[in-house]
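# Structural overview
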Amino acid sequence: MAGIAPYWRNYVDGHWTDGGAGRLTVTDPGSGAALAEHALADAADVDRAVQAARRVHLSGALTDLRPVERGRMVQAMGRYLLDHIDEIAPVLTSEQGKPLWEARREVQGAARYFEYYGNQAETVEGRSIPLGAGYFDFTMHEPYGVSAQIIPWNYPVEMTARSLSAGLTTGNACVVKTPELTPLSNAWLARAAEAAGLPAGAVNILCGLGHEAGAALAAHPDVNQIVFTGSVPTGIAIATAAAQNVVPCVLELGGKSAAIVHDDADLDAFMNDVRWGIYFNAGQVCSAMSRVIVHESLHDDLVERVAGVAQTMSVGPGIERREAGMNMGAMVSDKQRDRAESMVAHAAGQGARLVTGGHRMNIPGAFLEPTVLADVTPKMAIANKEVFGPVLSVMRFETEDEAIAIANGTPYGLVGGVFTRDLDRATRAARRLRAGQVFVNEWFAGGVETPFGGYGKSGYGREKGREALWNYVQTKNVAIRLKG
Ligand code: NAD
């Protein structure tokens, strides 16, 4: 991208620093060209960041503040992002591949987290517990101290904002490990912290390799709480490291989420859910609608219409896609694109029908055609493994019980959806779906205010909503013996 700085540094203890592990080249997946270099942190850099955060925590610079003052700084970070959206969005598009309008939405979404959690700072209240005459007992919620936050590449700005805003508002000092593929746009989160007046060391942002800087951060003995968003194998490694230090962690992992489409569903409206559910961010969304389980009476009609949605998508460089519409950018890397393409080929080999798409596009960059597979059966790999790409698997059902069993039949449980005009059916499904969030008649319904997180291998703990705050604080009980 023209005008982009050739070299980007880490932000540790209020300073922009080089990395002990050298430099990393960041590639533009929309063209395949090298974009910039980023400092690569090693374990010593991670240690400096953790120590800086620990000093801030122990100094009381965050915890002694009246919560409203902390909340105002958190809110100011969001405003900073909005003020700089014209700078951030093109960088995000260039490193991640998403259309420019999607990058702008991501920045707006990130700002929304700071607005929401900044507002919550003064709502974290304890309670008093009656113990009879002679005692006064109350609880208070204290921050853990140093919060380590490990971020994935699909929504780098929004995911960092999600954890950082809740972590700071509750008084934690934070160390963020940004993703190797998309580290650049996180620089504005460091600048936002500085502009908002947070003390040096309250927010540290480093890029480093997962197995090196990420592992060092997860295992650091002075980290008091970990938030991880990413894949299941990495989540297991991080939870293992957390267990060694006996610190809590929140795991937001993947999904293989299903929409159940009943025979009375509004198919016209559902096409909009397909567009957003599987082709937003080129399907690289943990809560993507990657499976549709449709009643057999609607099956053929639905497959034809869904193929129409896929074929209408205009796919190409994100930087040229400025306006919201039926368009999609590159996947994040050639590796991710190749993986998705080979999973589609494997599904076809197992008997799935490739209705449309399924192939890389004949242009430079990591582009995959919007894809629809039909005749997918529950035992196929494609029905169980997360593709993390623009690939929809359509399955069919006869009875409601069968639909629920298919939906619940993977190791995951992030979100689920049910499409019907029948309130009883919808409510039954909401109860029976093993997922942290259920959408009725609109995929992705909800917002920053609504708790988000998984059942099963999709993880534990919650981000978003009031629920997330309780992951960042520990409860202390104070019991006072009164005289007389
Ligand atoms: P990933 O697990 O490969 O990497 C995520 C982060 O972990 C990166 O910053 C990486 O450097 C770091 N990491 C890798 N190995 C590590 C180790 N041993 N110790 C510590 N850190 C390590 O995941 P990804 O490929 O970046 O992201 C895609 C995955 O994330 C998908 O499975 C997707 O479903 C999931 N995801 C989940 C959510 C959610 O909220 N549930 C949101 C976005 C993405």
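These numbers come from a predicted model, not from an experiment.

Attention now goes to the packing of helix H4 (residues 100-120) against helix H5 (residues 156-169). Working note: a packed helix pair is described by the angle between its axes plus the distance between those axes. Remark: H4 packs on H5, axes separated minimally by 8 Å, with the N-to-C direction vectors making an angle of 10°. Taken together, the axis directions place H4 and H5 in an arrangement best described as roughly parallel. Across the interface between the two elements, Glu 106, Gly 109, Ala 110, Tyr 113, Phe 114, Tyr 117 and Gly 118 of H4 pack against Pro 156, Val 157, Glu 158, Ala 161, Arg 162, Leu 164, Ser 165, Ala 166 and Thr 169 of H5. Along the lines of polarity and charge, the residues of the contact of H4 with H5 split into 9 nonpolar, 4 polar and 3 charged.

Turning to the environment of Gly 446, a few remarks are in order. Positionally, Gly 446 belongs in the loop between strand E20 (437-440) and strand E21 (459-460). Overall, Gly 446 belongs to the exposed group, its relative accessible area being 57%. It is 26 Å that separates the C-alpha atoms of Gly 446 and Gly 171, two residues lying 275 residues apart in sequence.

Moving on to the site of the ligand. Taken together, 28 residues surround the ligand, and among them Lys 177, Glu 180, Ser 231, Leu 253 and Glu 386 come closest. Here an oxygen atom of the ligand sits 2.9 Å away from a polar atom, N or O, in the side chain of Trp 153. Here the ligand, which alone exposes 850 Å², has 87% of that area covered by the protein. A majority-of-atoms criterion places the ligand in the largest pocket. The class makeup of the residues in the shell around the ligand is 14 nonpolar, 9 polar and 5 charged. Both domain 1 (7-253) and domain 2 (257-447) contribute no fewer than three residues apiece to the shell around the ligand.

Turning to the layout of surface pockets, a few remarks are in order. In this structure, the largest pocket encloses a volume near 990 Å³. Considering the residues around the largest pocket, the lining is formed by 35 residues, among which Trp 153, Phe 228, Gly 230, Ser 231 and Thr 234 are closest to the centre. Mapped onto the lining of the largest pocket, the elements with two or more residues apiece are helix H7 (210-218), strand E10 (225-229), helix H8 (232-245) and helix H11 (334-349). Mapping the lining of the largest pocket onto the domain boundaries places at least three of its residues in each of domain 1 (7-253) and domain 2 (257-447). Within this model, the second largest pocket holds a volume of roughly 790 Å³. Taken together, 32 residues form the lining of the second largest pocket, with Tyr 113, Glu 158, Phe 280, Phe 444 and Lys 464 sitting closest to its centre. Contributions of two or more residues to the lining of the second largest pocket are made by H4, H5, helix H9 (267-279) and E20. If one sorts the elements of the lining of the second largest pocket by residue count, H4 sits on top with 7 residues.

As a further point, take empty space enclosed by the protein. Scanning the model with the defined rule gives 2 cavities of 30 Å³ or more in all. Of the pockets and cavities examined, the largest cavity occupies roughly 80 Å³. Taken together, 14 residues make up the lining of the largest cavity; nearest its centre are Ala 288, Ser 290, Glu 386, Val 387 and Phe 388. When the residues that make up the lining of the largest cavity are grouped by side-chain class, the tally is 7 nonpolar, 5 polar and 2 charged. In this structure, the second largest cavity encloses a volume near 50 Å³. The wall of the second largest cavity is formed by Arg 9, Asn 10, Tyr 11, Trp 16, His 38, Thr 178, Pro 183, Asn 186, Ala 187, Ile 205, Leu 206 and Cys 207. Listed by contribution, the elements that provide at least two residues to the lining of the second largest cavity are strand E2 (10-12) and strand E9 (203-207). Take the lining of the second largest cavity: its biggest share by element is 3 residues, from E9. Class assignment for the residues of the lining of the second largest cavity results in 7 nonpolar, 4 polar and 1 charged.

Glancing now at the domain arrangement of the protein chain. The assigned domain composition of the protein chain is domain 1 (7-253) and domain 2 (257-447). Here the C-alpha centroids of domain 1 and domain 2 sit 31 Å apart. Contact residues are listed per partner, giving 24 residues for domain 1 and 30 residues for domain 2. A combined buried area of about 2000 Å² lies between domain 1 and domain 2, and 62% of that area is made up of carbon and sulfur atoms. Three residues, Leu 100, Trp 101 and Trp 153, lead the burial of domain 1 against domain 2; their summed loss comes to 29% of the area buried on that side. The tally of links between domain 1 and domain 2 comes to 0 salt bridges. Contributions of two or more residues to the side of domain 1 that touches domain 2 are made by helix H3 (85-96) and H4. The element contributing the most residues to the side of domain 1 that touches domain 2 is H3, with 5 residues. Residues that form the side of domain 1 that touches domain 2 fall into these classes: 10 nonpolar, 9 polar and 5 charged.

We now examine the nonpolar core. Counting 152 residues, the largest nonpolar core has Phe 270 and Tyr 279 as its most contacted members. A per-element tally of this core places H4 first, with 9 residues. Mapped onto the domain boundaries, this core takes at least three residues apiece from domain 1 (7-253) and domain 2 (257-447). Every residue in contact with Phe 270, bar those within four places of it in the chain, is listed here: Ala 259, Val 261, Met 289, Val 292, Leu 302 and Phe 419.

About the cut-offs
- Residues numbered from 1 in each chain as written.
- Predicted model: local features only at pLDDT ≥ 70, side-chain atom pairs only at ≥ 80, totals over all residues.
- Heavy atoms only, no water.
- Axes fitted to C-alpha atoms, helices over the stretch in contact; angles between N-to-C directions.
- Helix = DSSP H or I, 4+ residues; strand = E, 2+ residues; numbered from the N terminus.
- Parallel < 35°, antiparallel > 145°, perpendicular 65-115°, else oblique.
- Contact = heavy atoms within 4.5 Å.
- Nonpolar A, V, L, I, M, F, W, Y, C, P; charged D, E, K, R; others polar.
- Buried < 20%, exposed > 50% of the residue type's maximum accessible area, 1.4 Å probe, protein only.
- Near = heavy atom within 4 Å.
- Polar contact = N/O pair within 3.5 Å; in protein donor to acceptor, adjacent residues only side chain to side chain.
- Areas by Shrake-Rupley, 256 points an atom, 1.4 Å probe, with all protein chains shown as cover.
- 1 Å grid on protein atoms, 1.4 Å probe; cavity = no way out; pocket = protein on both sides within 12 Å on 5 of 7 lines; lining within 4 Å.
- Sits in = over half its atoms within 2 Å of the grid points.
- Domains from an automatic or database assignment.
- Points joined across faces, edges and corners; volume = space filled by probe spheres on them.
- Buried area = accessible area lost by both parts, 1.4 Å probe.
- Salt bridge = Lys/Arg side-chain N within 4 Å of Asp/Glu carboxyl O.
- Core = buried A, V, L, I, M, F, W, Y, C linked by side-chain atoms within 4.5 Å.

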